[in-house]
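Residue-level listing of the chains:
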Amino acid sequence: TEPEEEAARTLCPPGTADEPLVAIAPGASYGSAKRWPVEAFAAVADALAGLGARVILVGTPAERELGRAVLAQAQSRPLDLCGRSDLGALKALLRRASLLVCNDAGARHIATAFGTPAIVLFGPTALEKTDCNLETVDVLETSVACRPCYHRECPIDHRCMRQIEPAAVVARARA
């Protein structure tokens, strides 16, 4: 709606309306097993900012600390909007974005609804369980023996997510 669009505009700094906007959603309420490492999201934010994108971090109020952790690791200083937008403003931001980079979580479904391209990182879950509406989704996943496990917290070393390299995400984003 127009009020949601206006709320999204007020969150972004003046003069950024024409910049390519890349949203990064580092959270996953399911549990930490679904979350790609903070340092990996920070590396992707830096690389995409270096390519000329305006990078924003999005997430729920419960994910504020996660956003701050990505921000602390990033050299490029993405705009941290974690916990600062309601669902309506988040929808407007993702509608406007050129790309979303996220875990297998709620933001990917919003982006898909608006036709926003998304790079989705799958770890403990299987794409086959949620494989609808993937026209604008690029999935990155690893082949490890313990996957899919559907654990909320990884009982070993989180290899399913840690083996996804930031360089692979950046390469897909460039494409």
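Residues numbered from 1 in each chain as written. Predicted model: local features only at pLDDT ≥ 70, side-chain atom pairs only at ≥ 80, totals over all residues. Heavy atoms only, no water.

**Q** Mind showing me how you'd approach the overall build of the protein here?
**A** Counting its regular elements, the protein contains 7 helices and 6 strands. Taken against the 2.2 N^0.38 rule, which gives 16 Å for 175 residues, the C-alpha radius of gyration of the protein at 15 Å falls within 12% of a compact globule. Taken across its 175 residues, the protein has 49% of its residues classed as buried. Here the protein has roughly 8500 Å² of accessible surface; of this, 52% comes from carbon and sulfur atoms. Side chains of the protein carry 19 positive and 21 negative charges; the gap between the two charge centres is 2 Å. (Helix = DSSP H or I, 4+ residues; strand = E, 2+ residues; numbered from the N terminus. Rg over C-alpha atoms; globule rule 2.2 N^0.38 Å. Buried < 20%, exposed > 50% of the residue type's maximum accessible area, 1.4 Å probe, protein only. Areas by Shrake-Rupley, 256 points an atom, 1.4 Å probe, with all protein chains shown as cover. Lys, Arg positive; Asp, Glu negative; His and termini not counted. Charge placed at Lys NZ, Arg CZ, Asp CG, Glu CD.)

**Q** When you look at the packing of helix α2 (residues 38-50) against helix α7 (residues 166-174) in this model, what are you seeing that I'm missing?
**A** For any two helices packed against each other, one specifies the crossing angle of their axes together with the interaxial distance. The geometry of α2 relative to α7 is characterised by a closest axis approach of 9 Å and an angle of 40° between their N-to-C directions. The way α2 lies across α7 gives a crossing that is right-handed. Of the residues in α7, those in contact with Ala40, Ala43, Val44, Ala47 and Leu48 of α2 are Pro166, Val169, Val170 and Ala173. The residue inventory of the contact of α2 with α7, partitioned by class, reads 9 nonpolar, no polar and no charged. (Axes fitted to C-alpha atoms, helices over the stretch in contact; angles between N-to-C directions. Left-handed = near helix turned anticlockwise from the far one by under 90°. Contact = heavy atoms within 4.5 Å. Nonpolar A, V, L, I, M, F, W, Y, C, P; charged D, E, K, R; others polar.)

**Q** Teacher, can you tell me more about the layout of surface pockets here?
**A** The rolling of a water-molecule-sized probe over the atoms marks out the regions of remaining empty space. Its volume calculated, the largest pocket comes out at about 290 Å³. Along the wall of the largest pocket there are 20 residues; nearest its centre are Gly59, Thr60, Glu63, Leu90 and Ala107. Where the lining of the largest pocket is concerned, the elements lending two or more residues are α4 (87-96), β4 (99-103) and α5 (106-114). It is α5 that contributes the most residues to the lining of the largest pocket, 4 residues altogether. Grouping the amino acids of the lining of the largest pocket by side-chain chemistry returns 10 nonpolar, 7 polar and 3 charged. (1 Å grid on protein atoms, 1.4 Å probe; cavity = no way out; pocket = protein on both sides within 12 Å on 5 of 7 lines; lining within 4 Å. Points joined across faces, edges and corners; volume = space filled by probe spheres on them.)

**Q** What should I look at first to understand the pairing of β4 in this one?
**A** Regular strands place side chains that alternate from one sheet face to the opposite one. Of all 5 residues making up β4, 5 are buried, and the element is well covered by its neighbours. Bridge count for β4 against strand β5 (residues 118-121) is 4 bridges, and the pairing is parallel. Paired with cysteine 102 across the strands is valine 120, a residue of β5. Taken together, β4, α5 and β5 form a β-α-β motif whose crossover is right-handed. (Pairing = 2+ DSSP bridges. Right-handed = clockwise from strand over helix to strand, strands pointing away.)

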